[in-house]
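The residues making up each chain are set out below.
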Amino acid sequence: MDLVIAGTLSLLVIAILVAIAARRLSLPYTVGLVISGIVLALAHVHTGIRLTHDIIFEVILPPLLFEAAINIHWHELRRDMLPVLVLSIFGVVISAAIVCTGMVWLLAWPISSALVFAVLIAATDPVAVIAMFKDIGLTGRLGLLVESESLFNDGVAAVLFGLALSWTQGNAGGAVSAGWALVSTSGGGILAGLTAGAAGLVIAGRTADHFVETAVTVAVAYGAFLGAEYIHVSGVLATVSAGLLMGSVGLRGDQPQFGLSGQGRSFAVEFWEFLAFIANSFVFLLIGMTAARIPFAELGYGALAIAILLVLFGRAMTVYPICLAFRWSSSAISRPEQHVLWWGGLRGALALALVLSLPASLPLHDAIIIATFAVVAFSVLVQGLTMSPLLRALKLLPPSDSN
């Protein structure tokens, strides 16, 4: 226990130093954390904390998902709900199909391994995406589109990942049973989240103590996620649904019997912003420290380049055709915004959480892990570093912005 506490404190101190340095160097905070983690690993610095599926899923994801969800305004999301859902659902399927096909044809991977890798890497990760856009100060409709899509499509990818893994192990049924599993897992997660959020609103409405109100939001965020996972439905969608409900009704609603007090609202928003900062700091430091120890050469740099290019191509074939379908509607997305949706489709903690849960018996188990870490490292370092210049070139970010 002492080692865990010491390791946690050391990571916190490092995160503070990186935050200060990143601000002075005009470097995205998340990129600075990953680079720092790589340097620490190469210097053989051990904190006693490892990046695992349980740490990401049970500790890191709930606060990050909930904080992002409570800050999304429902009336704004409702206007773009159709393109967001299409990108989230069909986009994951299209991207996964392209990556799976490419890995089979170009690298001769068995279809089971290619399918699992393609599904887990298909969704843009809310942890990486939201952290990056907070760094560069992107707001407005474009920020809403990118953030809300990343929140929804990772839930779809997590569900599809479970189905793909079951299929590779011979436990999946036919198309009907797979479809029902997808609907029940996703719908069950949403229902569980709305139930937890509604219960939290009722309880929070019975007190004006801002500490108690904020404690209720913590119980809802973690309770929705862990409760949904316990009953085998989507914990990601549960937390996002709970956050959307509590944000729309509890933080911005006009029903006092269901909302937080004025002081509770401001305190809760600041508390979750701080908690998201801590969670982001830990996960990106651990990503860097873990990536530095991955033997990328074992898979071959040519194969890694193919995997990265396939992921980028799959994302492009998702964004541009789908956006074209909305070209003449009120939900039209401009070409510069499409470029950002494509290049801003980062992969991160969710993909790592899924890949770290793979059974060792899966064919090409180690190769899938190596390829996943390579894609994530490219996303955070290359795409993350070039996003701000891209936004300026597209005139979507003020030139005076220094982030």
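A quick note: this is a predicted structure, and the numbers were derived from the prediction, not measured.

A. Region of the structure containing the pattern of salt bridges. The tally for this structure, following the rule as stated, stands at three salt bridges. For E149, the salt bridge is made with R315, and the minimal N-O distance between the two is 2.8 Å. Of the two residues, E149 sits in helix α8 (residues 140-168) while R315 sits in helix α14 (residues 301-325), which places them 166 residues apart along the sequence. On the basis of relative accessibility, which here comes to 1%, the residue E149 falls in the buried class. Shared partners join several salt bridges into a network, and the residues in it are D80, R141 and E337.

B. Spotlight on the packing of aromatic side chains. Under the definition given, this model contains eight aromatic pairs. One aromatic cluster in this structure is built from F66, F271 and W272.

C. Representation of the side chain of D80 within the structure. Within the secondary structure, D80 sits in the loop between α4 (74-79) and α5 (81-107). Those residues in contact with D80 that lie beyond four places of it in its chain are R141, L144, L145 and S331.

D. Just unusual backbone geometry, in detail. Of note in this structure, A108 is not a glycine but carries a positive phi near 60°. Mapping A108 onto the fold places it in the loop between α5 and α6 (111-120). In this model, H232 sits at a positive phi of 65°, which is unusual for a non-glycine residue. Its place among the elements puts H232 in the loop between α10 (210-230) and α11 (235-251). Residue class for H232 comes out exposed when judged on its relative accessible area of 67%.

E. Representation of the packing of α6 against helix α17 (residues 365-393) in the model. Where α6 meets α17, the axes come as close as 11 Å, and the angle between the chain directions of the two elements is 25°. One finds that α6 runs roughly parallel with respect to α17. α17 is crossed by α6, and the crossing has right-handed handedness. Contact with α6, carried on its side by S113, F117 and L120, involves I368, A371, T372 and V375 of α17 and no other residues of that element.

F. View of α17. Helix length check: α17 (29 residues) gives 40 Å between terminal C-alpha atoms against 42 Å at 1.5 Å per residue, within 8%. Largest kink in α17: about 40°, centred on M387, with the proline P389 one to four residues after it. Note on α17: the residue one or two positions beyond its end, K395, has a positive phi of about 60°.

G. Highlighting a nonpolar patch on the surface. Taken together, the side chains of L85, I89, F90, I94, F313 and M317 make up a nonpolar region of the molecular surface, amounting to roughly 520 Å² of accessible area. For the nonpolar patch, the element with the highest residue contribution is α5, accounting for four residues. Its place among the elements puts I94 in helix α5. Assessed through its relative accessible area of 31%, I94 is described here as partly exposed.

H. Just the nonpolar core, in detail. F117 and L120 are the most contacted members of the largest nonpolar core, which totals 106 residues. For F117, the residues in contact, after removing those within four places along its chain, are V99, M103, W109, A307, I368, A371, T372 and V375. In this structure, L201, A204, A238 and A268 belong to the second largest nonpolar core, which totals 19 residues.

I. Molecular detail of the packing of α11 against helix α12 (residues 262-291). At their nearest, the axes of α11 and α12 sit 11 Å apart, and the two run at 150° to each other. Between α11 and α12, the angle falls in the class roughly antiparallel. Two secondary-structure elements touch here, α11 through V249, G250 and L251 and α12 through R265, A268 and V269. Partitioning the contact of α11 with α12 into residue classes produces four nonpolar, one polar and one charged.

J. View of helix α3 (residues 53-70). With 18 residues, α3 should reach 26 Å at 1.5 Å per residue; the first-to-last C-alpha distance of 25 Å fits that figure. Along α3, the helix axis deviates most sharply at L61, where the bend reaches about 45°; the proline P62 sits within four residues downstream. Of all the 18 residues making up α3, 13 are buried; the element is thus mostly covered by neighbouring parts of the structure.

Parameters at a glance
Residues numbered from 1 in each chain as written. Predicted model: local features only at pLDDT ≥ 70, side-chain atom pairs only at ≥ 80, totals over all residues. Heavy atoms only, no water. Salt bridge = Lys/Arg side-chain N within 4 Å of Asp/Glu carboxyl O. Helix = DSSP H or I, 4+ residues; strand = E, 2+ residues; numbered from the N terminus. Buried < 20%, exposed > 50% of the residue type's maximum accessible area, 1.4 Å probe, protein only. Phe/Tyr/Trp six-rings, centres within 6.5 Å; stacked < 30°, edge-to-face > 60°. Contact = heavy atoms within 4.5 Å. Axes fitted to C-alpha atoms, helices over the stretch in contact; angles between N-to-C directions. Parallel < 35°, antiparallel > 145°, perpendicular 65-115°, else oblique. Left-handed = near helix turned anticlockwise from the far one by under 90°. Expected span 1.5 Å × (residues − 1). Bend = angle between axes of the 7 residues up to and from the residue. Patch = residues over 30% accessible without salt bridge, like charges linked within 9 Å, V, L, I, M, F, W, Y side chains within 5 Å. Areas by Shrake-Rupley, 256 points an atom, 1.4 Å probe, with all protein chains shown as cover. Core = buried A, V, L, I, M, F, W, Y, C linked by side-chain atoms within 4.5 Å. Nonpolar A, V, L, I, M, F, W, Y, C, P; charged D, E, K, R; others polar.

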